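Descriptive analysis of the structure
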Amino acid sequence: MTIRRVVPNLRTEAVEENRNFYGLLGFEEVMNLGWISTVASPSSPRDQVSFMTRDLTGPVVPDLSVEVDDVDAVYAVVRESGAEIVHPLQDEEWGVRRFFVRDPDGRVVNVLSHR
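Everything numeric in this text was worked out from a predicted model, so none of it was measured. (Residues numbered from 1 in each chain as written. Predicted model: local features only at pLDDT ≥ 70, side-chain atom pairs only at ≥ 80, totals over all residues. Heavy atoms only, no water.)

On to the pairing of strand β4 (residues 48-52), then. Most of β4 sits inside the fold, with five of its five residues counted as buried. Burial along β4 is two-sided: the face carrying Q48, S50 and M52 and the face carrying V49 and F51 are both buried. Pairing of strand β1 (residues 3-11) with β4, which is carried by three bridges, proceeds in the parallel orientation. If you follow N9 over to β4, its bridge partner there is S50. For strand β3 (residues 36-40) and β4, the ladder comprises five bridges, and the chain directions are antiparallel. Note on β4: the bridge partner recorded for T38 is S50. (Buried < 20%, exposed > 50% of the residue type's maximum accessible area, 1.4 Å probe, protein only. Helix = DSSP H or I, 4+ residues; strand = E, 2+ residues; numbered from the N terminus. Pairing = 2+ DSSP bridges.)

Right, let's talk about the nonpolar core for a bit. Ranked by size, the top nonpolar core spans eleven residues in total: V66, V68, V71, V74, Y75, V78, L89, F99, V101, V109 and V111. For this core, the secondary structure elements donating two or more residues are β5 (64-68), α2 (71-81), β7 (96-102) and β8 (108-114). Setting aside residues up to four positions removed in sequence, V66 forms contacts with I3, R5, V6, V109, N110, V111 and L112. Core analysis: the second largest hydrophobic core is formed by five residues, V15, Y22, V49 and F51 among them. (Core = buried A, V, L, I, M, F, W, Y, C linked by side-chain atoms within 4.5 Å. Contact = heavy atoms within 4.5 Å.)

Let us now look at the sheet that holds β5. As summarised here, the arrangement of the eight strands in space is β2-β3-β4-β1-β5-β8-β7-β6, forming an open sheet in which the pairing is mixed. A strand with exactly one partner marks an edge of an open sheet, and here the two such strands are β2 (28-32) and β6 (85-91). Strand-to-strand twist in this sheet, taken as the mean axis angle between neighbours without regard to direction, amounts to 25°. Note that β6 and β7 share four bridges and pair antiparallel. Looking at the pairing, I85 lines up with V101 of β7. Against the sheet, α2 engages β5, β6, β7 and β8, with an angle of about 20° to β7. (Axes fitted to C-alpha atoms, helices over the stretch in contact; angles between N-to-C directions.)

Below, the discussion takes up the layout of surface pockets. Here the largest pocket is characterised by a volume of approximately 340 Å³. Every residue lining the largest pocket is counted, 23 residues in all, and those nearest its centre are R5, M31, I36, T38 and L112. Taken together, the elements giving at least two residues each to the lining of the largest pocket come down to β1, β2, β3, β4, β5, β7 and β8. Residue classes in the lining of the largest pocket are distributed as twelve nonpolar, seven polar and four charged. (1 Å grid on protein atoms, 1.4 Å probe; cavity = no way out; pocket = protein on both sides within 12 Å on 5 of 7 lines; lining within 4 Å. Points joined across faces, edges and corners; volume = space filled by probe spheres on them. Nonpolar A, V, L, I, M, F, W, Y, C, P; charged D, E, K, R; others polar.)

Take a look at the structure:
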């Protein structure tokens, strides 16, 4: 399994204000779906931070997102381990296939692959 990137997800009601603040640090917006905005470093595009008011289809705002090369394989391994699946594996309309799992400390991890 290959990890492509890890992105912290910050729950906020101030998406625009956070986007502007992180812009002061050199980040540029690379995605905005209204309920989530992601900024990235222009010199290192995998360095990203997302700001979320809610998750469109998930039950909670995940603490971080981990993009992998094969989400189905990761899902099988995680299910086999007995870890708590918080949101089932599914295709999302914005072009990802993903699921949420709870880590041992209670954080929710959004595991995804782009389709």
